[in-house]
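So you can see what is in the structure, the chains are spelled out below.
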Amino acid sequence: MVNAMRRPFADPKRKRPGRDLLTRIVRQTGGFVRPEDFSPPVADILRGMAA
C-alpha cells in the first residue's frame with residue numbers, strides 16, 4: 001500500500017489511503033501529514049496535469 005501511495009499523482013496505479021488509515025496517519029504524525037498531502041497540487045489540477 002505504501003508503494004502505491006508513493007507513485008506519481010498521474011500514475012493510474014497510485015492509491016490514496018482510506019478514511020480510517022488517513023485518520024491514523026494524521027494522528028500518528030501529529031497533523032504534520034494532512035489529507036491534502038495525498039492529492040495533487042491544485043495548480044496541477046487546474047492545468048489539467050492531474051486527475
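What you see is a predicted model, and the numbers here were worked out from it, not measured in a lab. (Residues numbered from 1 in each chain as written. Predicted model: local features only at pLDDT ≥ 70, side-chain atom pairs only at ≥ 80, totals over all residues. Heavy atoms only, no water.)

Student: For the overall build of the chain, give the residues involved together with the corresponding values.
Tutor: A count of helices and strands for the chain gives three helices and zero strands. In sequence order, the secondary structure elements of the chain are arranged as α-α-α. Taken along its principal axes, the extent of the C-alpha atoms in the chain is 35 × 20 × 15 Å. Sorting the 51 residues of the chain into buried and exposed places 20% on the buried side. Long-range pairs, those at least 24 residues apart, make up 20% of the contacts in the chain with a sequence separation of at least 6. For the chain, the computed accessible surface area is about 4,300 Å², with 55% contributed by carbon and sulfur atoms. Both charge centroids of the chain, one from 11 positive and one from 5 negative side chains, sit 5 Å from each other. (Helix = DSSP H or I, 4+ residues; strand = E, 2+ residues; numbered from the N terminus. Buried < 20%, exposed > 50% of the residue type's maximum accessible area, 1.4 Å probe, protein only. Contact = heavy atoms within 4.5 Å. Areas by Shrake-Rupley, 256 points an atom, 1.4 Å probe, with all protein chains shown as cover. Lys, Arg positive; Asp, Glu negative; His and termini not counted. Charge placed at Lys NZ, Arg CZ, Asp CG, Glu CD.)

Student: Describe the pattern of salt bridges, with residues and values.
Tutor: This model, assessed by the stated rule, comprises two salt bridges. Residues Asp11 and Arg7 are paired through a salt bridge, measuring 3.1 Å at the closest nitrogen-oxygen approach. (Salt bridge = Lys/Arg side-chain N within 4 Å of Asp/Glu carboxyl O.)

These figures capture arrangement, not role.
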